[in-house]
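Descriptive structure summary
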Amino acid sequence: MVQELPKYAYFEGEFVPFEKATVSVMNHTLNYGTGAFAGIRGYWNDEEDQLFVFRPLDHFKRFLNSARLLSFDLDYTPQDLWQVLLELLRMEGWKANTYIRPLAYVKNSLIGVRLHNLDYGVTMFSLPFGSYVDNEEGCTVTISSWRRVDDNSIPARGKITGSYVNSAFIKSDAQRAGFTEALVLNKDGHIAEGSAENFFMLRDGVVYTPPVNADILEGITRRTIIQLLRDDLGYEVVERNIDRSEVYLADEAFFCGTGVQIAAITSIDHRLLGTGSMGSMVSELRDLYFNVVTGRIPKYRSWTEPVYEDVPTTVS
Ligand code: PMP
């Protein structure tokens, strides 16, 4: 399938045709990885003829925090960014599942690596988007030989462009070795996360996930899942360090994130988890999650922001 491109971008404070949103080859962020970004999903709901954006204010809050870690001085609130996104999506008029990419970057073209005394900008674009991994119902996983970036080198809790070189090493080596994805250990040797996903496992009826100080991104899907597991599916969820050998003994495990959504892990380093196919906890959670993000669960409706509510209807 040919990937449909955005028609518009928010760039330099205005909405421009997508092909006009460009930077110089000397751009600071392009050369040094000095950027912060977000990944947000919009879900198309056919019955309601509506596009729902999932937790946009939470994503924009983390986006601004990632930029703060880089000392970017951005003159936007999460609400401002939501208004930009709303206008952008209405211009695009997507009637399909959508991926949204806000990026904060250094505008300057100059030689000299630093974070201070620079000009900072925000750009945003959106495009129709399906699955991030092909096999959401059965990922094969290995433990990466790479280590997760450490909080004292590039903080993983920020979504910082340069740190995705670490993710790219992890992902490519896993895929070239024939696996779907990898789990990466942090400097202490504990499980951190996947290349671009948070990790959960079920063992003896209890769900475990690494804590926010284990060199992970503080995922918005992670936070969502913890609440769904506890409040709706009745699981005890424990945030604590996880050893490498524990994951081999898990009954079920999964990745979660905006891109990957919820993807069942069915083997780790060739050891089958449970029966070797998606288990009942992950299956039940996936069903609930897809109903939540598409605005179908009244209790969680406030997490989903409708895009087309105020668009005047054409009377035929
Ligand atoms: N960890 C990493 C490294 C990621 O890139 C992502 C995707 N943003 C996640 C976890 C999941 O975060 P979220 O649920 O906020 O998308």
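What counts and how
Residues numbered from 1 in each chain as written. Predicted model: local features only at pLDDT ≥ 70, side-chain atom pairs only at ≥ 80, totals over all residues. Heavy atoms only, no water. Helix = DSSP H or I, 4+ residues; strand = E, 2+ residues; numbered from the N terminus. Rg over C-alpha atoms; globule rule 2.2 N^0.38 Å. Buried < 20%, exposed > 50% of the residue type's maximum accessible area, 1.4 Å probe, protein only. Contact = heavy atoms within 4.5 Å. Axes fitted to C-alpha atoms, helices over the stretch in contact; angles between N-to-C directions. Parallel < 35°, antiparallel > 145°, perpendicular 65-115°, else oblique. Left-handed = near helix turned anticlockwise from the far one by under 90°. Nonpolar A, V, L, I, M, F, W, Y, C, P; charged D, E, K, R; others polar. Core = buried A, V, L, I, M, F, W, Y, C linked by side-chain atoms within 4.5 Å. Polar contact = N/O pair within 3.5 Å; in protein donor to acceptor, adjacent residues only side chain to side chain. Salt bridge = Lys/Arg side-chain N within 4 Å of Asp/Glu carboxyl O. Domains from an automatic or database assignment. Buried area = accessible area lost by both parts, 1.4 Å probe. Phe/Tyr/Trp six-rings, centres within 6.5 Å; stacked < 30°, edge-to-face > 60°. Pairing = 2+ DSSP bridges.

**Looking at the overall build of the chain**
Counting its regular elements, the chain contains 7 helices and 17 strands. Taken over C-alpha atoms, the radius of gyration comes to 20 Å for the chain, in line with the 20 Å a tight globule of 316 residues would show. Along the three orthogonal principal directions, the C-alpha set of the chain runs to about 60 × 55 × 35 Å. When burial is assessed residue by residue, the chain has 53% of its 316 residues classed as buried. Partitioning the intrachain contacts of the chain with sequence separation of at least 6 by distance along the chain shows that 72% fall at a separation of at least 24.

**Considering the packing of helix α5 (residues 220-232) against helix α7 (residues 280-293)**
Contact geometry of α5 with α7 gives a least axis separation of 11 Å together with a crossing angle of 110°. Between α5 and α7, the interaxial angle falls into the category roughly perpendicular. In the crossing of α5 with α7, the sense of the turn from one axis to the other is right-handed. Residues T221, T224, I225, L228, L229 and D232 of α5 form the contact with α7, whose own contacting residues are M281, L285, L288, Y289 and V292. Taken together, the residues of the contact of α5 with α7 break down into 8 nonpolar, 2 polar and 1 charged.

**Re the nonpolar core**
Ranked by internal contacts, the top residues of the largest apolar core, which has 33 residues, are L85 and M124. Looking at this core, the elements with two or more residues in it are β4 (40-45), β5 (50-54), α2 (56-69), α3 (78-92), β6 (98-106) and β7 (120-128). Broken down by element, this core gets its largest block of residues, 7 residues, from α3. Sequence-distant contacts of L85, defined by excluding residues within four places in its chain, comprise V53, F60, I100 and M124.

**Some remarks on the side chain of E181**
For E181, the location among the structural elements is in strand β9 (residues 181-185). Polar side-chain contacts of E181 include one of 3.2 Å to the side chain of K171. Side chain to side chain, E181 and S195 meet in a polar contact 2.5 Å long. Leave out the neighbours within four places in its chain, and E181 touches T140, V141, T142, K171, A174, G194, S195, A196, E197 and F255.

**Regarding the pattern of salt bridges**
Applying the stated criterion across every chain, the model contains 20 salt bridges. Measuring nitrogen to oxygen at the nearest pair gives 2.7 Å for the salt bridge that ties E239 to R222. Of the two residues, E239 is situated in strand β13 (residues 236-239) and R222 in helix α5; the sequence distance between them amounts to 17 residues. Between D269 and R244 there is a salt bridge; the shortest N-O distance is 3.6 Å. Highlighted residues: D269 in the loop between β15 (261-268) and β16 (271-272) and R244 in helix α6 (residues 244-248), separated in sequence by 25 residues.

**A few points about the domain arrangement of the chain**
Looking at the chain, the domain boundaries give domain 1 (8-128) and domain 2 (139-298). For domain 1 versus domain 2, the separation of C-alpha centres amounts to 25 Å. Taken together, the contacts link 27 residues of domain 1 with 23 residues of domain 2. For the domain 1 and domain 2 pair, buried surface summed over both sides reaches about 2,000 Å², with 58% attributable to carbon and sulfur atoms. Per-residue buried area on domain 1 facing domain 2 is highest for F37, Y43 and R62; these three make up 31% of the total on that side. On the surface where domain 1 and domain 2 come into contact, there are 2 salt bridges. Among the ionic pairs, D58 bridges to R223, the shortest N-O distance being 3.9 Å.

**Re the packing of aromatic side chains**
Summed over all chains, the structure comprises 15 aromatic pairs. When the centroid spacing of 4.9 Å and the interplanar angle of 70° are considered together, the rings of F37 and Y164 count as edge-to-face. Taken as a pair, F37 in strand β3 (residues 35-37) and Y164 in helix α4 (residues 164-176) lie far apart in primary sequence, 127 residues in all. Residue classification places F37 among the buried positions, given a relative accessible area of 9%. The interplanar angle of 65° and the centroid separation of 6.4 Å between the aromatic rings of W44 and Y308 together place this pair among those described as edge-to-face.

**Observations regarding the pairing of β6**
Walk down a regular strand and you will see the side chains alternate between the two sheet faces. Along β6, 7 of the 9 residues are buried, which leaves the element largely enclosed by surrounding structure. Bridge count between β3 and β6: 3 bridges; the pairing is antiparallel. Bridge pairing links F37 to L103 in β6. As paired elements, β4 and β6 share 3 bridges and run antiparallel to each other. Looking at the pairing, G42 lines up with T98 of β6.

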